[in-house]
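# A look at the structure
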Amino acid sequence: MSTTRTKPSRTLRQWRNAVFTIFALCGFVFATWASRVPAVRDLLHATTQEMGFLILGMSAGSIVGVIAASHIVARLGATRTILWLYGAVSVAMIVLGPIVTFVPAFLPIFLVLIVLGGASVVDVAMNLSGAANERAIGRTIMPLFHAAFSGGTVAGAGLGALLAGLGVPMGVHFSAVGVFALVTTLVLVRFLQPAEHAEEEGAEPAPSGWRSRLVVWRDPRVLLIGAIVLGMAFAEGSANDWLGLAMVDGHGFDNAGGAAVLSVFLAAMTAGRIGGVFLLDRFGRVPVLRWSAAFAVAGLLLVIFVPNDVIAIAGVVLWGLGASLGFPVGMSAAADDPRTATATVGAVATIGYTAFLVGPPLIGLIGEHTGVLHALLVVLTLIVVAGFASGAAREPGAVRRPVPAEGAQ
């Protein structure tokens, strides 16, 4: 990645700002649903197991979406995918309002959650558009896009908590957010630029057809980048799902303390993504990813094995900093070749989403027998693998040049 600090054109800045807003919007809408899950449980009088099945609708939509994403984006393009698919997600949020207000039942909410899970297709499209913008501007931006997503989740959860405290019906909340998301999406797509190998006008045409897009799965570099994303997504997702409980059961925190420690982790993640852009531009992807893995491993070791609250919280900070850059840097690396970016970003995203879908039940299954803290050793193992795979993310052209022979011109 170039470190030349030239001011991007107005078009590139508008494109960049639109992608920032899309990332934040996705986080905001997701957190809107998540902030009202307890209210939905009370509305349906559902057990914990029944809520698990209900939320499975979103997971099912996510995995189907991410598997199909490269084919959808290849057909529609990144911009139209964001328009149509996030338009559908927004309409689903609008429809969810009347459902929870007038026909609160398991099946219709389950079906809406499947559509909401389809936002995983948009995840691939917005990462593709963000990577293309990053290449066009010539500096590292992708971690900031993901930091915007984190900021959107904080805003969505905070607004949800505020409206719940004020007694605003969740049906009104859902529909209002859906309308906001739809209008915002319609405005933002006007500023996006074509992401599909747009800057490679003299290059050979990109491979077409779904068989051609599946070929990337045989590329060792793609699989190694997937290993980076898998390990770091596992590090992030396991903290989101289990860190609070691990601090309660393993370190004796109360429920409020466990939640506070989770907020420390999220803050460290956000700080890592904001500060990481400067480190990536200065040192390159591979050293930063290796140090990130080392930080995450050190943090997990402190959390798992040191029975001191202050040291454990310091470990959480290291864990959050270490996990912050793997996913966004993996997306950037997957999109290095504009000709195959749609297929490779889709493949890497599919591998990464496996962590979010498989991770929670796997940690829970192991934790049932070993305790949650020791179950996190699985996460540590995958981070080590990600660290060893980091070389696959090397920037194009960032290779060691041979030393010329003495006297050579």
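From a predicted model like this one, the values you see are computed outputs, not experimental measurements.

So, about the overall build of the chain. Along the chain, the regular secondary structure elements total 17 helices and zero strands. Residues classed as buried in the chain amount to 48% of the 409 residues present. The long-range share in the chain, meaning contacts at least 24 apart out of those at least 6 apart in sequence, stands at 84%. Within the structure as shown, the chain displays about 18400 Å² of accessible surface, and the carbon and sulfur contribution to it stands at 67%.

Between its first and last C-alpha, helix α10 (residues 220-251) extends only 41 Å over 32 residues, short of the 46 Å set by a 1.5 Å rise per residue. At W242, α10 shows its maximal bend, which comes to roughly 60 degrees. Looking at where α10 begins, the residue whose side-chain oxygen comes 2.9 Å from the main-chain nitrogen of R221 is D219. G252 occupies a position one or two residues after α10 and carries a positive phi of about 80 degrees.

Another point: the packing of helix α6 (residues 119-137) against helix α7 (residues 142-166). Packed helix pairs are specified by the crossing angle of their axes together with the interaxial distance, meaning the distance between the axes. Here α6 crosses α7 at 140 degrees, and the two axes come no closer than 9 Å. Classified by the angle between their axes, α6 and α7 sit oblique to one another. Note on packing geometry: the crossing formed by α6 with α7 is right-handed. Residues N127, G130, A131, N133 and E134 of α6 lie in contact with α7, whose contacting residues are M142, P143, F145 and H146.

Counting through the fold element by element, S175 comes out in helix α8 (residues 170-188). Separated by 2.8 Å, the side chain of S175 and the backbone oxygen of I94 make a polar contact. Residue contacts for S175: discarding those within four places in its chain leaves M93, I94, G97 and P98.

Where helix α1 (residues 10-35) meets α8, the closest approach of the two axes is 11 Å, and the angle between their N-to-C directions is 165 degrees. Considering their axes alone, α1 and α8 lie roughly antiparallel with respect to each other. Between α1 and α8 lies a crossing whose hand is left-handed. On the side of α1, the interface is formed by A18, T21, I22, L25, F28, V29, T32, W33 and S35, while α8 contributes H173, F174, V177, F180, A181, T184, T185 and L188. Grouping the constituent residues of the contact of α1 with α8 by class yields 11 nonpolar, six polar and no charged.

Per-residue confidence for the chain gives a mean pLDDT of 85; residues scoring 70 or more make up 89%. Confidence over residues 197-203 falls short of pLDDT 50; this stretch has eight contacts with residues more than four positions distant or in other chains. This stretch, residues 399-409, has a pLDDT under 50; its non-local contacts, to residues over four places away or in other chains, come to zero contacts.

This part covers the pattern of salt bridges. Side-chain pairing between opposite charges can occur once the charged atoms of the two side chains come close. Enumeration over the complete set of coordinates arrives at four salt bridges. Two residues, R41 and D42, come together in a salt bridge whose shortest N-O distance is 3.5 Å. D336 is paired through a salt bridge with R221; the nearest N and O atoms lie 3.0 Å apart. Of this pair, D336 sits in the loop between α14 (326-334) and α15 (341-370) while R221 sits in helix α10; the two residues are 115 residues apart in sequence, bridging distant segments of the chain. Residue classification places R221 among the partly exposed residues on the basis of a relative accessible area of 30%. Within the structure, one salt-bridge network assembled from shared partners comprises R221, R285 and D336.

Thresholds, definitions, all that
Every chain is numbered on its own, with residues counted from 1 as its sequence reads. Under the rules for a predicted model, residues below a pLDDT of 70 receive no local features and side-chain atom pairs below 80 are neither given nor counted, while totals for whole chains, interfaces and linings still include all residues. Excluded from the side-chain calculation are hydrogens and water; included are all heavy atoms of the structure. The helix and strand labels rest on DSSP assignments: H or I over at least four residues marks a helix, E over at least two residues marks a strand, and numbering proceeds from the N terminus. Working definition: with a 1.4 Å probe on protein chains only, accessible area under 20% of the residue-type maximum means buried, over 50% means exposed, and in between means partly exposed. The contact criterion used is simple: two residues touch if any of their non-hydrogen atoms lie within 4.5 Å. Methods summary: accessible areas were calculated by the Shrake-Rupley approach with a probe of 1.4 Å, and residue burial reflects only the protein chains presented. In this analysis, the expected span of each helix is defined as 1.5 Å times one less than the number of residues it contains. Bend angle per residue: angle between axes fitted to the 7 residues ending at that residue and the 7 residues starting there. For the purposes of these results, a polar contact is taken to be a pair of N or O atoms within 3.5 Å, where, inside protein, one atom must be able to donate a hydrogen and its partner to accept one; residues adjacent in sequence count only when each atom of the pair is a side-chain atom. To get an axis, fit a line to the C-alpha atoms, keeping to the stretch in contact for a helix; angles then go from 0 to 180 degrees between the N-to-C directions. To sort the angles, those under 35 degrees are grouped as roughly parallel, those over 145 as roughly antiparallel, those from 65 to 115 as roughly perpendicular, and the leftovers as oblique. Should the near helix be turned anticlockwise from the far one by less than a right angle, the crossing is left-handed, and should it be turned clockwise, the crossing is right-handed. Residue polarity is assigned by list, with Asp, Glu, Lys and Arg as charged and Ala, Val, Leu, Ile, Met, Phe, Trp, Tyr, Cys and Pro as nonpolar; anything else, Gly included, falls into the polar class. Every residue gets a pLDDT, meaning the predictor's confidence in that residue, from 0 to 100. Between Lys or Arg on one side and Asp or Glu on the other, a salt bridge is scored when a side-chain nitrogen of the former is within 4 Å of a carboxyl oxygen of the latter.

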